[in-house]
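Each chain, letter by letter, is given below.
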Amino acid sequence: MKKVWIFIGINLLVVILILVGISIWYKGFKADKKETAAVVKKIDDDYVIFDNKVNEFSNLRNDFYSKKENLYYENLANEASYWNSFKISYEKAIKDLESSAGYLKEHCNVTYGDIGARTKCTNFKVNYEAAQNYYLTDVHVYNDLIDGYDKWNLVNGSIYPAISKLDKVTYKDYIDYDEDGECFGKEEGA
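Because the structure is a prediction, the values reported are computed rather than measured.

**Student:** Mind laying out the pattern of salt bridges, listing which residues take part and the relevant values?
**Tutor:** Counted according to the given criterion, the structure contains ten salt bridges. Salt-bridge contacts for D46 lead to K42; the nearest nitrogen and oxygen are separated by 3.1 Å. You can see D46 and its partner K42 sitting in helix α1 (residues 2–68), four residues apart, about one turn around the helix. Among the ionic pairs, K92 bridges to D96, the shortest N-O distance being 2.7 Å. Here D96 and K92 lie together in helix α3 (residues 80–100), a separation of four residues that amounts to about one turn.

**Student:** Break down the confidence of the model for the protein chain for me, with residues and values.
**Tutor:** Here the protein chain averages 87 in pLDDT, while 97% of its residues score no lower than 70. Within the protein chain, α1 has the poorest average pLDDT of any element, 85, and α3 the best, 93.

**Student:** Quick one: what's the story with helix α5 (residues 115–155), residue by residue and with numbers?
**Tutor:** In an α-helix there are 3.6 residues to a turn, and that puts residues three or four apart on one side. The first and last C-alpha atoms of α5 sit 59 Å apart over 41 residues, in line with the 60 Å expected at 1.5 Å per residue. In the stretch just after α5, G157 is the one whose phi turns positive, near 85 degrees.

**Student:** I'd like to hear about the packing of α3 against α5, residue by residue, with values.
**Tutor:** The interhelical angle for the contact between α3 and α5, taken along N-to-C directions, is 160 degrees, at an axis separation of 11 Å. Between α3 and α5, the interaxial angle falls into the category roughly antiparallel. Seen from above, α3 lies across α5 with left-handed handedness. Taken together, the residues of α5 that come into contact with α3 (itself represented by W83, F86, K87, Y90, E91, I94, L97 and E98) are Y128, A131, Q132, Y135, D138 and Y142. Along the lines of polarity and charge, the residues of the contact of α3 with α5 split into nine nonpolar, one polar and four charged.

**Student:** Run through the state of the cysteines, naming residues and quoting values.
**Tutor:** For the structure shown, the criterion picks out one disulfide. Through a disulfide, C108 is tied to C121; the S-S separation comes to 2.1 Å. Its torsion about the S-S bond being -70 degrees, the disulfide of C108 and C121 is classed as left-handed. One end of the pair, C108, is in the loop between α4 (102–107) and α5; the other, C121, is in helix α5, and 13 residues separate them in sequence. Taking the relative accessible area as the measure of exposure, C108 reaches 3% and is therefore buried. The class for C121 is buried, based on a relative accessible area of 4%. Unpaired in terms of disulfides, C183 finds its nearest cysteine sulfur in C108, a separation of 20 Å. Residue C183 is classed as partly exposed on the basis of its relative accessible area, which comes to 27%.

Rules used in this analysis
- Sequence positions are assigned chain by chain, starting from 1 and proceeding in written order.
- Restriction of local features to residues with pLDDT of at least 70 applies here, the model being predicted, together with a cutoff of 80 or more for giving and counting side-chain atom pairs; totals for whole chains, interfaces and linings are based on all residues.
- Water and hydrogen atoms play no part in the side-chain values, which are based on all heavy atoms of the structure.
- Basic side-chain nitrogens of Lys or Arg form a salt bridge, by our definition, when they fall within 4 Å of a carboxyl oxygen of Asp or Glu.
- The way it works is that DSSP assigns letters per residue, a run of H or I at least four long becomes a helix, a run of E at least two long becomes a strand, and they are numbered from the N terminus.
- A residue's pLDDT is the predictor's confidence in that residue, given on a scale from 0 to 100.
- The span expected for a helix works out to 1.5 Å for each residue beyond the first.
- Only C-alpha atoms enter the line fits that serve as axes; for helices the fit covers just the stretch in contact. Angles between N-to-C directions range over 0 to 180 degrees.
- In this scheme, roughly parallel covers angles under 35 degrees and roughly antiparallel covers those over 145, while 65 to 115 is roughly perpendicular and the rest are oblique.
- Handedness of each helix crossing follows the sense of rotation of the near helix against the far helix: counterclockwise by less than a right angle gives left-handed, clockwise gives right-handed.
- Throughout, a residue-residue contact means that at least one pair of heavy atoms, one from each residue, lies within 4.5 Å.
- Residues are grouped as follows: Ala, Val, Leu, Ile, Met, Phe, Trp, Tyr, Cys and Pro are nonpolar; Asp, Glu, Lys and Arg are charged; all remaining types, including Gly, are polar.
- The criterion for a disulfide is a pair of cysteine sulfur atoms lying within 2.5 Å.
- The buried label applies to any residue whose accessible area, calculated with a 1.4 Å probe on protein chains only, is under 20% of its type's maximum; exposed applies above 50%, and partly exposed to all values in between.

See below:
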């Protein structure tokens, strides 16, 4: 009889341990699910902000290239204050884009079960890489333009105002942020 009670006690103890283990696992699962839902929500919210910053950057970039099409050194000389303001605005746009990307950079290195978060993270990586690399390409194009202007100004006796060059403010070299083996936005030959 004593063996039966020992057997029942051991089985009861095993069942209790299993139930406690399941309970602990379930509480952890619920907490993780709640935490993941909060991260997904924040990704959704921050992606909207990031996307707006990408659009602002893109609009400035489009303005630059549309104005550059018919730009001559005489125009640069007459519009030096505009181009110096453009430089400040363009650098601010890439800095704003960078600051809006912080949370996404930190949390988009995980594959989420939520299709919306997964899509936003994929889009974020592609757009982030493109914006940063386009900016570096534009630094080369803009600074080459200013170098030509400076030479022209020197030949003409340096009577025209100076125009500031763009700085590499976030990255010094092209990036492959989405790790696909290609630096999207990198100029050919750079």
